[in-house]
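Residue-level structure breakdown
Here's the letter readout for the chains.
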Amino acid sequence: MFWFGNRKHRKSKKTRRVERAKASLSSPRRTFVEHLEQRTLLTMLPPVTYPVGPNPTSVQTGDFNGDGRPDILALYSSASQATVMLGNADGTFRAPANSVTEPFTHQLAMGDFNHDGKLDVADNDTTSVGIQFGNGDGTFQPPVIYPIGASANDIEVGDYNHDGYDDIDTASFSYGGTSQLLMNDGTGNLLPPRNYAIGIYGREVHSVDVNGDGNEDLIQSNASSTIGVMLGNGDGTFQGMVNDNTGIVPTDIAFGDFNKDGHLDAAVTNGTALDILLGSGTGAFQTGSTYPINTASHLQVADLNGDGNLDVLTNAGDVAYGRGDGTFYAPVAMPGMAGSSAAVGDFNGDLSPDVVASTSGGIGVSLNAHNDAAALAGAVGLVVTVPSSVTAGSPFAVTISAVDANGNIVPGFLGTVGVTSIAGQAPVSYTFTNADGGAHVIVSGATLFAAGQQTITVTSPFLPDASATVLVNAAAASKLSVSAPTTGAAGQAASVTVSALDPYGNVAQSYAGTMHFTSSDAQAVL
């Protein structure tokens, strides 16, 4: 059994539950690792692209025709159009059917609002939300429009008063940041909105039960370095917002039990970093680890490699594999799957999560190969080899070898490895091929900038981390630094320290040269 979560994918509350799988980058060093050619991520098969139109705004999965198989819903905001691709049993998809949405639609969410057993679609635009009731065959009725009087950026579905009917909540920049709550009247119609103040710039809203009391809570992301938590009372009202610091300005949040303590944790991104916030079960979060990622705006959570640990997938095609303790392996790339949005679903019925992404070529679908463990070919560890010393700012080779229990290289190793980097640097990964014979040299593989003993670390799921240390020597001096006391008495001597620095701020200890001193004080004795 695997766990996966689709952003804005909500069904009726009977089937909609957050499943809890029972199953740092230290700030450190300024490190640069070269970008390698793209290769297939072993967990996933090469993507199949359906050319139904370039750059969909978002993609989601849901069973729109009631055949028990997930279908794909793609939104094209600029055309005010949504496309449904019905799934086949083998993981392929049929020609799309189009459905008109509201003009300037931003996001879509799903639920069974009228309790007819057919999945419906809700959307939001600048001043209203709309519901398109599903016909049960992959098509929808014309939208029913509900004005909300605010510019909605996001939409979420949840049953906030336990009446068994899906309600709608939005996030808005309007009125200093508000959330508009539209309750279902029990017939599929929405009552007039109630506004909740959520603070500066309401960017996104998520509906999950973060404190485990059975009531759905609202989690907001905004333009400050926080996420806001509004605990649900279970009657359609919410407690006041409590903000948790994330350290970054969040663009998306996804949830899962990453450390298997029974409490929901949060994965947060600002586009270039993935922050993990560990949940306490009370609605509060504490800062965990941080990982660099490629430019991303949306996150998904799933156990992609079947090890019982939840992983995080970004719309930029990066996957951070979970270790099951709240930390993650270095992110690795999923080539061909970068786009504006991504979602997961079991498209071919093999009980493994597959991935769909909106790409520049259309809709990309990558089925799960679930062969990571087999790709080890008997390898039990990795060995990283680097030069004993290097010069700051100069690239050097990194050799990665897969070895068996006796330390012998395993020629058949076909796993994917990730090289740790620093916040702000895009992650680097490499998938071994048969031609590598179990060992691969990354020419000009890394560049270190801080002088002293530094560490290069390589990670791969199912294998222990491997690292190697290298002595980084300062580069040639390129500038001088002068320091002296900030105050002193006239006529008294003062010490002046002059340091020769390389371009990266390291002291160039081998520098030899003559210094010439001047002063703005004409009476100074130098």
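Residues numbered from 1 in each chain as written. Predicted model: local features only at pLDDT ≥ 70, side-chain atom pairs only at ≥ 80, totals over all residues. Heavy atoms only, no water.

1. Regarding the sheet that holds strand S11 (residues 144-147)
On the basis of which strands lie adjacent, the open sheet formed by four strands has the order S8-S9-S10-S11 and antiparallel pairing. This sheet does not close on itself; its edge strands, each paired only once, are strand S8 (107-111) and S11. Pairwise comparison of adjacent strand axes, ignoring direction, gives a mean angle of 20° for this sheet. (Pairing = 2+ DSSP bridges. Helix = DSSP H or I, 4+ residues; strand = E, 2+ residues; numbered from the N terminus. Axes fitted to C-alpha atoms, helices over the stretch in contact; angles between N-to-C directions.)

2. Let's talk about the pairing of strand S17 (residues 217-221)
Looking along a regular strand, one sees the side chains alternate between the two faces of the sheet. Burial analysis of S17 places five of its five residues in the buried class, which makes it a mostly covered element. Here S17 shows two buried faces, one formed by Asp 217, Ile 219 and Ser 221 and the other by Leu 218 and Gln 220. Here strand S16 (residues 204-208) runs beside S17; their pairing, made up of five bridges, is antiparallel. Note that in S17 the partner of Val 208 across the bridge is Asp 217. As paired strands, S17 and strand S18 (residues 226-230) are joined by four bridges and run antiparallel to one another. Within S18, the position partnered with Ser 221 by the bridge is Ile 227. (Buried < 20%, exposed > 50% of the residue type's maximum accessible area, 1.4 Å probe, protein only.)

3. Some points on unusual backbone geometry
Positive phi values are uncommon outside glycine, yet His 162 reaches one of about 60°. Here His 162 lies in the loop between strand S12 (152-158) and strand S13 (167-172). Positive phi is not limited to glycine here, since Phe 462 has a value of about 80°. As for its placement among the helices and strands, Phe 462 is situated in the loop between strand S37 (452-460) and strand S38 (463-473).

4. Here's the deal with the side chain of His 440
Within the secondary structure layout, His 440 lies in strand S36 (residues 439-448). According to the relative accessible area criterion, His 440 is buried, its value standing at 14%. Among the polar contacts listed, one links the side chain of His 440 to the side chain of Tyr 430, at a separation of 3.2 Å. Every residue in contact with His 440, bar those within four places of it in the chain, is listed here: Val 398, Thr 399, Ile 400, Tyr 430 and Phe 432. (Polar contact = N/O pair within 3.5 Å; in protein donor to acceptor, adjacent residues only side chain to side chain. Contact = heavy atoms within 4.5 Å.)

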